[in-house]
Amino acid sequence: MAGCVARRALTVGSRWWSRSLTGTRGPRPLCAARGVGAFLPAATTTTRRHLSSRNRPEGKVLETVGVFEVPKQNGKYETGQLFLHSVFGYRGVVLFPWQARLYDRDVASAAPEKAENPAGHGSKEVKGKTHTYYQVLIDARDCPHISQRSQTEAVTFLANHDDSRALYAIPGLDYVSHEDILPYTSTDQVPIQHELFERFLLYDQTKAPPFVARETLRAWQEKNHPWLELSDVHRETTENIRVTVIPFYMGMRWRYCIRLENLDSDVVQLRERHWRIFSLSGTLETVRGRGVVGREPVLSKEQPAFQYSSHVSLQASSGHMWGTFRFERPDGSHFDVRIPPFSLESNKDEKTPPSGLHW
């Protein structure tokens, strides 16, 4: 294992990770068990620490796949930036950024609670701030190892066929917040395995990062902009469980992506969902059920997050959604976590939804 001076076995999304620590003044090699994936980054340290690897999968060989760079505190990452996802651990590459409005109820100024009304629920006045997200490709080698933690087909479209509301998905396409990007470099000319990598990006060793957008990527972004664009992000924390919601308009229905994060060390399990869906046609629908997308995920210190997407249709051009998730503690007690209210608004230009993947 060239370049790795220490390693540690961690279980994240049913995969094995190596951790390499070389100090703050030298490069930090990014290593992976062959056929398994990359590793979670080490915390900044000035001394070398030797860590155990008792859970190393039998027969796996560690290989250096890149070197970490210093994460950007200011500015944006460029197209072609390689990265490791800080929460889900997968390798990926940045395609292009989105400027979203982040409505973070955790930092909202204190305000009197309002009575619940059909267009929302009792809440604070929240002002949005600009926040950078990225459209990214996920390395196909890592998808099987994160499938229990995050859907790897989270970006979907609504097919435009007569009398059809069929949905189709683009595998391995995701949205990533700026703070979840852990950048690294690689000498490999094809460091990410994805069917769209070489179609979208061209290797150019004179550039930094050395992967530049092909005209194919620019055309794809322009043609699919209305259905890819991430505009609003909503976030709220209840009892150390943070819920982030990103809604998307798809022409005839809406898609919403939800990420659940356990910010504490206590183990909890999602048991129930309770949604209230208000349509401007005047209808208010209540939806209750077990878990989400057929699962009841456990959030622990080792596996703190779960991400999924779903869809909703309304009888009007816009509406609102809000609700709660019910979690269970190890002692059997339950508590409710608020889902921040979010709007479902049709695009102003009302363009026709795509009939397929445009190039």
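Remember, predicted model here, so these are calculated numbers, not experimental data.

What counts, and at which threshold
- Residues numbered from 1 in each chain as written.
- Predicted model: local features only at pLDDT ≥ 70, side-chain atom pairs only at ≥ 80, totals over all residues.
- Heavy atoms only, no water.
- Phe/Tyr/Trp six-rings, centres within 6.5 Å; stacked < 30°, edge-to-face > 60°.
- Buried < 20%, exposed > 50% of the residue type's maximum accessible area, 1.4 Å probe, protein only.
- Helix = DSSP H or I, 4+ residues; strand = E, 2+ residues; numbered from the N terminus.
- Lys NZ or Arg CZ within 6 Å of the ring centre and 35° of its normal.
- pLDDT = per-residue confidence, 0-100.
- Contact = heavy atoms within 4.5 Å.
- Core = buried A, V, L, I, M, F, W, Y, C linked by side-chain atoms within 4.5 Å.
- Pairing = 2+ DSSP bridges.
- Bend = angle between axes of the 7 residues up to and from the residue.

**Student:** I'd like to hear about the packing of aromatic side chains, residue by residue, with values.
**Tutor:** Two measures describe an aromatic ring pair: the distance that separates the ring centres and the angle between the ring planes. Evaluated as defined, the whole model comprises 15 aromatic pairs. Aromatic pair Phe96 and Trp98: ring centres 5.4 Å apart, planes at 85°, arrangement edge-to-face. Like Phe96, the residue Trp98 is buried in the burial classification. Aromatic pair Trp275 and Phe342: ring centres 6.1 Å apart, planes at 90°, arrangement edge-to-face. Note that Trp275 is positioned in strand 17 (residues 268-279) and Phe342 in strand 22 (residues 334-345), a separation of 67 residues in sequence. Neither Trp275 nor Phe342 differs from the other in exposure class; each is buried. What links up through ring pairs into an aromatic cluster is the set Phe96, Trp98, Phe200 and Trp220. Directly above the aromatic system of Phe248 lies the positively charged group of Arg255, at a separation of 4.1 Å from the ring centroid.

**Student:** Quick rundown of the confidence of the model for the protein? Include the residues and the values.
**Tutor:** Here the protein shows a mean pLDDT of 78. Residues at 70 or above account for 70%. Low pLDDT (under 50) marks residues 1-25, which in the prediction has 108 contacts with non-local residues, meaning those over four places away or in another chain.

**Student:** Which residues make up the nonpolar core, and what values do they have?
**Tutor:** In this structure, Leu95, Leu137, Phe200, Leu217, Trp220 and Leu230 are the most contacted members of the largest nonpolar core, which totals 32 residues. If one sorts the elements of this core by residue count, strand 6 (residues 91-104) sits on top with six residues. In this structure Leu95 touches Thr79, Gln135, Val136, Leu137, Leu173, Phe200, Leu217 and Trp220, once residues within four positions along its chain are discounted.

**Student:** So what about the pairing of strand 20 (residues 305-312)? Which residues, and what values?
**Tutor:** Most of strand 20 is tucked away: six of the eight residues are buried. The sheet contact formed by strand 16 (residues 254-262) and strand 20 spans eight bridges and is antiparallel. Among the inter-strand pairings, Ile258 is bridged to a residue of strand 20, identified as Tyr308.

**Student:** Would you mind going over helix 3 (residues 215-228) in detail, with residue names and values included?
**Tutor:** The periodicity of an α-helix, 3.6 residues per turn, causes residues three or four places apart in sequence to face the same way. Where helix 3 bends most, at Glu222, the angle is about 45°, and the proline Pro226 comes one to four residues later. The set of residues buried in helix 3 consists of Leu217, Ala219, Trp220, Asn224, Pro226, Trp227 and Leu228.

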